[in-house]
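Listed below are the residues making up each chain.
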Amino acid sequence: MPRIAWLWIAAVVAAGCCGYAADSAPSNSFRFSIVGDRTGGAAPGVYERVLREVEALHPAFVINTGDTIEGGDDSRAEREWVALRPLWIHLALYFTPGNHDVFSEASRRIYEEQTKRPTSYSFDHEQSHFTVLDNSGSNELSESQMEFLRNDLDKNKGKSPKFIFFHRPFWIPYVMFKSGDFPLHQLARKYGVTGIINGHMHQFMYMKQDGITYMVVGSSGGSIARGQKVGQGFREGWFFQHVSAQVSGGTVKFTVKEIDSPAGPGHSFNAEDWDRVKRD
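Residues numbered from 1 in each chain as written. Predicted model: local features only at pLDDT ≥ 70, side-chain atom pairs only at ≥ 80, totals over all residues. Heavy atoms only, no water.

### Structural notes on the nonpolar core
Ranked by internal contacts, the top residues of the largest apolar core, which has 28 residues, are F32, I34, F165, F204, M215 and F254. Beyond its immediate sequence surroundings of up to four residues, M215 is in contact with I34, W171, I196, I197, N198, F204, M205, Y206, V243, F254 and A271. (Core = buried A, V, L, I, M, F, W, Y, C linked by side-chain atoms within 4.5 Å. Buried < 20%, exposed > 50% of the residue type's maximum accessible area, 1.4 Å probe, protein only. Contact = heavy atoms within 4.5 Å.)

Take a look at the structure:
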């Protein structure tokens, strides 16, 4: 065969290989925002301030980490949801159930009616995948929730990056002491999960284990008095905040934003730099 023919075949094969690689790589380019707890002793006006800052960023969507309403009383729950609805009119908002949101069977039904989603669900944006779980009534994830997660991740193996949201961060003692010896971590590692994101603590935390980001988004309006009473503040993660996530291909960069004066001086930093930032 003439040399020119061999060169032509090689070029066709190379083009085919390159096309396959491009098709198989995640084609993501978007930003979403994460909002922490609003309740648990809500600070007046802070949640509203957070949402105004978030709206100004024009994210593709917003997802929260739970505890939107004060809750605790079935007779008031629906009114509390309805009263907040005008704040979200310009935002595509996904909810995570917190213990203030779901505290009884009646409140669960109200939550699902008001958020238009079940307490456990998943969704895609571009090539990214998001799984929302419910541990509103427990510090752990029940076996049924783990089974939901297992099935969901298995059906979405090809998506990247993948994120898991639920309210209570029971993983803290494991990851703090560099242990991956718990079922959630093993499942996340098996399916290439990028981030596991929670609320509940009202205190920012950021850790990594085996390449998986574990992050607690601090208060977006819920009381931070627990930390302040013992003399803690920004360096310990006690500040009003929201998080902006920039997804590019299969990677994500989390930027933490402290809300501006008078509630705070408005620090902004890459979440991966948290250990350095809190020492400065």
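### Concerning the pattern of salt bridges
For the coordinates displayed, the defined rule picks out 16 salt bridges. A salt bridge links K159 to D124; the nearest nitrogen and oxygen atoms lie 2.7 Å apart. Remark: D124 occurs in strand 4 (residues 121-125) and K159 occurs in the loop between helix 5 (143-155) and strand 6 (162-165); sequence separation between them is 35 residues. Here the salt bridges share partners, and the residues they tie into one network are R49, E53, K257 and D260. (Salt bridge = Lys/Arg side-chain N within 4 Å of Asp/Glu carboxyl O. Helix = DSSP H or I, 4+ residues; strand = E, 2+ residues; numbered from the N terminus.)

### What about the pairing of strand 7 (residues 195-198)?
Burial along strand 7 is two-sided: G195 and I197 and I196 and N198, pointing in opposite directions, are all buried. Bridge analysis of strand 6 against strand 7 gives three bridges, and the strand direction is parallel. Each residue of the ladder has a partner; that of F165, found in strand 7, is I197. Both strand 7 and strand 9 (residues 212-216) contribute to a ladder of four bridges, which runs parallel. (Pairing = 2+ DSSP bridges.)

### Topic: the sheet that holds strand 9
On the basis of which strands lie adjacent, the open sheet formed by six strands has the order 4-5-6-7-9-8 and mixed pairing. Edge positions in the open sheet fall to strand 4 and strand 8 (205-209), since each of these has one partner strand only. Between one strand axis and the next, the sheet turns by 15° as a mean value, whatever way the strands run. Relative to strand 5 (residues 128-132), helix 5 is tilted by about 170°, and along the sheet it contacts strand 4, strand 5 and strand 6. Strand contacts of helix 7 (residues 183-190): strand 6, strand 7, strand 8 and strand 9, with the helix running at about 130° to strand 9, the strand carrying the most contacts. (Axes fitted to C-alpha atoms, helices over the stretch in contact; angles between N-to-C directions.)

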